[in-house]
Protein chains: 2
Amino acid sequence: MIIANTIKEVRLQIKAWMKEGKSIGFVPTMGFLHEGHQSLIERAKKENDKVVVSVFVNPTQFGPTEDLESYPRDFEKDTMLCEMTGADLIFHPDAKEMYEKGASTLIHVEGLTNALCGKSRPTHFGGVCLVVSKLFHIVSPDRAYFGEKDAQQLAVIKRMVKDLNFDIEIVGCPIIREVDGLAKSSRNAYLNTQERAAATILNKALTKGKETILAGETNVVKVKNEITEIICKEPLAKIDYVEIVDFDTIAPVKSIKGNILVAVAVFIGKTRLIDNFIIQA
Amino acid sequence: MIIANTIKEVRLQIKAWMKEGKSIGFVPTMGFLHEGHQSLIERAKKENDKVVVSVFVNPTQFGPTEDLESYPRDFEKDTMLCEMTGADLIFHPDAKEMYEKGASTLIHVEGLTNALCGKSRPTHFGGVCLVVSKLFHIVSPDRAYFGEKDAQQLAVIKRMVKDLNFDIEIVGCPIIREVDGLAKSSRNAYLNTQERAAATILNKALTKGKETILAGETNVVKVKNEITEIICKEPLAKIDYVEIVDFDTIAPVKSIKGNILVAVAVFIGKTRLIDNFIIQA
């Protein structure tokens, strides 16, 4: 497995692979990899000749009061996981390699970024779109893999790829969970024992909401209230949002019908966690 | 020469050429081609195995009160010029092929788009960056050719390509002029005989400004005033701007030193014309 720190190294290797007719699968990450990322790499491995993983804690997607500095990092462990899972190249640039002085270009996906996490984190998706565009141009993948845990991110990236005619297939992959149902996340590392126990409330509430929808409920308010009430029973939890939207447009829906995203963001202590399910209703 | 109306057709042809190891030169245009465009195609032909020309009057780069409807079109003549100049493929999509319903992605290059034409046409460069990004993803060129006549556009595209890590070389090509010095432009077609004669004032004024700089003048105000005074003597001319900026950043300069762009925009009757020179001072 190759470890590349510069754009130039990545491009040289990719071009060599392209010349051999190899297809390229790409998994962009912020590192501190867990079984969620691993499932993306495995899927990429299955569907492509070569797999590139990027490990880059992207400063432009963090707000000024957010956890850029403290975001967990363990490149040695990441390398082992990538190697073990069969990745062919890790791209591990520093911020200087990725962002030149004088950089002035912004990408904005209208509408889809107004609600949910975009409301709480107004500069977040601009930063995501920027870094993903850059990485796409550096890695030139045939397919790129994103977790459904960041469902709004997945919807935004799909929209951007369509709008800008990137010739890349975007593959969404299911959420991977701990045994007790907590969605795998690098930010789970922030939780102390008490908080870790409390964090299961997100999945518990969502599971109940899903059952209610599967039983035929189409009333948005009723399902949102049910999920909200369950989370509120957990004293360590503070709701950022509980929302039910159209998964493609992230627009509010009047009733639960179509391709629906039910998403929550909840602070457990100081740690903001997100979880969701997507349902064809 | 191939004429392709759909993105799919272009991609198939480009992929076939790539497989054969052919390099691709790209000339994006709004059609109504003249000797300026021809010089870009010739340059592209010299430096690449295959040359793609796009002919698309891009609605997103026109403001609501601008000349989208009346912009001159003559695809038959364009086809002949491309064929004659040795282009290999014309991409000639309609607006529906380029802009899907629900498209939501915007690209903004900060700073460089505030002054000059960006000031008079606030949504213009967003539209340019959007369509150029899309075309770059459709055509996948090795090199793309832009005229220096649209000098701010060239600076903005270069910045965007750097910031988003497009793996494309941007080649700026010199302004092509009529015998009397008027810069070739599709919009010259709007001018009546009187206006056509008056339009030579742009180049006359710029030529005088250039002489003054070459003689050693570094005072921005003095050179701007000299150019302004010459243009003001022409009764049919109404100045939009006369500016002297850094060519890379389009930022105002305190004195004429470095890589300098001297640019003017002038209404001749109802027709807005631009012209400029770039000088290493």
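None of these values were measured; they are calculated from a predicted model.

*Asks:* Could you give an account of the domain arrangement of chain A, with specific residues and numbers?
*Replies:* Residues and elements named next belong to chain A. Taken domain by domain, chain A comprises domain 1 (2–173) and domain 2 (186–276). Put simply, the middle of domain 1 and the middle of domain 2, counted by C-alpha atoms, are 26 Å apart. Taken residue by residue, the interface counts 23 residues in domain 1 and 17 residues in domain 2. A buried area of about 1,700 Å², summed over both sides, lies between domain 1 and domain 2, and 59% of it is on carbon and sulfur atoms. For domain 1, the biggest contributors to the area lost against domain 2 are Leu116, Cys117 and Lys149; these three give 31% of the whole. Between the two partners, domain 1 and domain 2, sit one salt bridge. Among the salt bridges present, the one from Asp67 reaches Arg187, with a minimum N-O distance of 2.9 Å. Scanning the region where domain 1 abuts domain 2 turns up eight residue pairs in polar contact (both at pLDDT 80 or more). Contributions of two or more residues to the side of domain 1 that touches domain 2 are made by α5 (116–120) and α7 (151–163). No other element matches α7, which puts five residues into the side of domain 1 that touches domain 2.

*Asks:* Explain helix α6 (residues 124–139) of chain A residue by residue, including any values.
*Replies:* An α-helix turns once every 3.6 residues. As a result, residues three or four positions apart point the same way. All names here are of chain A. Taking 1.5 Å of rise per residue, 16 residues should cover 22 Å, and α6 covers 22 Å from first to last C-alpha, within 8% of that figure. For α6, the tally of buried residues reaches 15 of 16 residues, placing the bulk of the element in the interior. Of the residues one or two after α6, Ser140 is the one with positive phi, at around 45°.

*Asks:* If you had to explain the sheet that holds strand β7 (residues 169–173) of chain A to someone new, which residues and values would you point to?
*Replies:* All names here are of chain A. Taken in spatial order, the six strands line up as β1-β4-β3-β2-β6-β7 in an open sheet, and their pairing is parallel. This sheet does not close on itself; its edge strands, each paired only once, are β1 (2–4) and β7. Mean inter-strand twist for the sheet, computed between neighbouring axes without regard to direction, equals 25°. Summarising the sheet, strand β6 (residues 143–147) and β7 pair through five bridges and their orientation is parallel. By the bridge assignment for β7, Phe146 is matched with Gly172. Seen against the sheet, helix α3 (residues 75–85) touches β1, β3 (50–55) and β4 (89–91) and runs at an angle of roughly 150° to β4.

*Asks:* How would you summarise the relation of the copies chain A and chain B if you had to cite specific residues and measurements?
*Replies:* When chain A is fitted to chain B, the best match, at an RMSD of 0.0 Å, comes from turning it 180° and sliding it 0.0 Å along the axis. Within this description, the copies of the chain are treated as partners about a two-fold rotation axis. Across chain A, the rotation axis passes nearest the C-alpha of Ile107 of chain A, at a separation of 2.3 Å. Of the interface residues in chain A, 100% have counterparts in chain B that sit at the interface too, so the contact is made through matching surfaces.

*Asks:* Give me the lowdown on the packing of aromatic side chains, citing residues and values where you can.
*Replies:* Ring pairs (aromatic) are described by centroid distance and by the angle formed between their planes. Residue and element names in this part refer to chain B. Following the criterion strictly, the structure yields ten aromatic pairs over all chains and no others. Summarising the aromatic geometry, the rings of Phe62 and Tyr71 are spaced 5.8 Å apart at their centres and angled 75° between planes, so their arrangement reads as edge-to-face. Just as Phe62 is buried, Tyr71 falls in that class too. Centroid distance Phe136 to Phe166: 5.4 Å. Interplanar angle 80°. Geometry classified as edge-to-face. Separated by 30 residues along the polypeptide, Phe136 in helix α6 (residues 124–139) and Phe166 in the loop between α7 (151–163) and β7 (169–173) bring together distant segments of the chain. A relative accessible area of 2% places Phe136 in the buried class.

*Asks:* An account of the sheet that holds strand β10 (residues 271–280) of chain A is requested, with residue identities and associated values reported.
*Replies:* All names here are of chain A. Across the sheet, three strands lie side by side as β8-β9-β10; this open sheet has antiparallel pairing. Edge positions in the open sheet fall to β8 (237–246) and β10, since each of these has one partner strand only. Between one strand and the next, the sheet's axes are offset by a mean angle of 15°, whatever the strand orientation. For strand β9 (residues 259–268) and β10, the ladder comprises ten bridges, and the chain directions are antiparallel.

*Asks:* Break down the interface of chain A and chain B for me, with residues and values.
*Replies:* Between chain A and chain B, the contact holds 28 residues from the first and 28 residues from the second. Buried area between chain A and chain B, summed over both chains or domains, comes out near 2,500 Å², and the portion from carbon and sulfur atoms is 47%. There are four salt bridges connecting chain A and chain B. In this structure, Arg11 of chain A engages Asp167 of chain B in a salt bridge whose closest nitrogen and oxygen atoms are separated by 3.6 Å. Where chain A touches chain B, the interface holds 21 residue pairs in polar contact (both at pLDDT 80 or more).

Definitions and cut-offs
Residues numbered from 1 in each chain as written. Chains lettered and ligands numbered in written order. Predicted model: local features only at pLDDT ≥ 70, side-chain atom pairs only at ≥ 80, totals over all residues. Heavy atoms only, no water. Domains from an automatic or database assignment. Contact = heavy atoms within 4.5 Å. Buried area = accessible area lost by both parts, 1.4 Å probe. Salt bridge = Lys/Arg side-chain N within 4 Å of Asp/Glu carboxyl O. Polar contact = N/O pair within 3.5 Å; in protein donor to acceptor, adjacent residues only side chain to side chain. Helix = DSSP H or I, 4+ residues; strand = E, 2+ residues; numbered from the N terminus. Expected span 1.5 Å × (residues − 1). Buried < 20%, exposed > 50% of the residue type's maximum accessible area, 1.4 Å probe, protein only. Pairing = 2+ DSSP bridges. Axes fitted to C-alpha atoms, helices over the stretch in contact; angles between N-to-C directions. Least-squares fit on C-alpha atoms with pLDDT ≥ 70 in both. Phe/Tyr/Trp six-rings, centres within 6.5 Å; stacked < 30°, edge-to-face > 60°.

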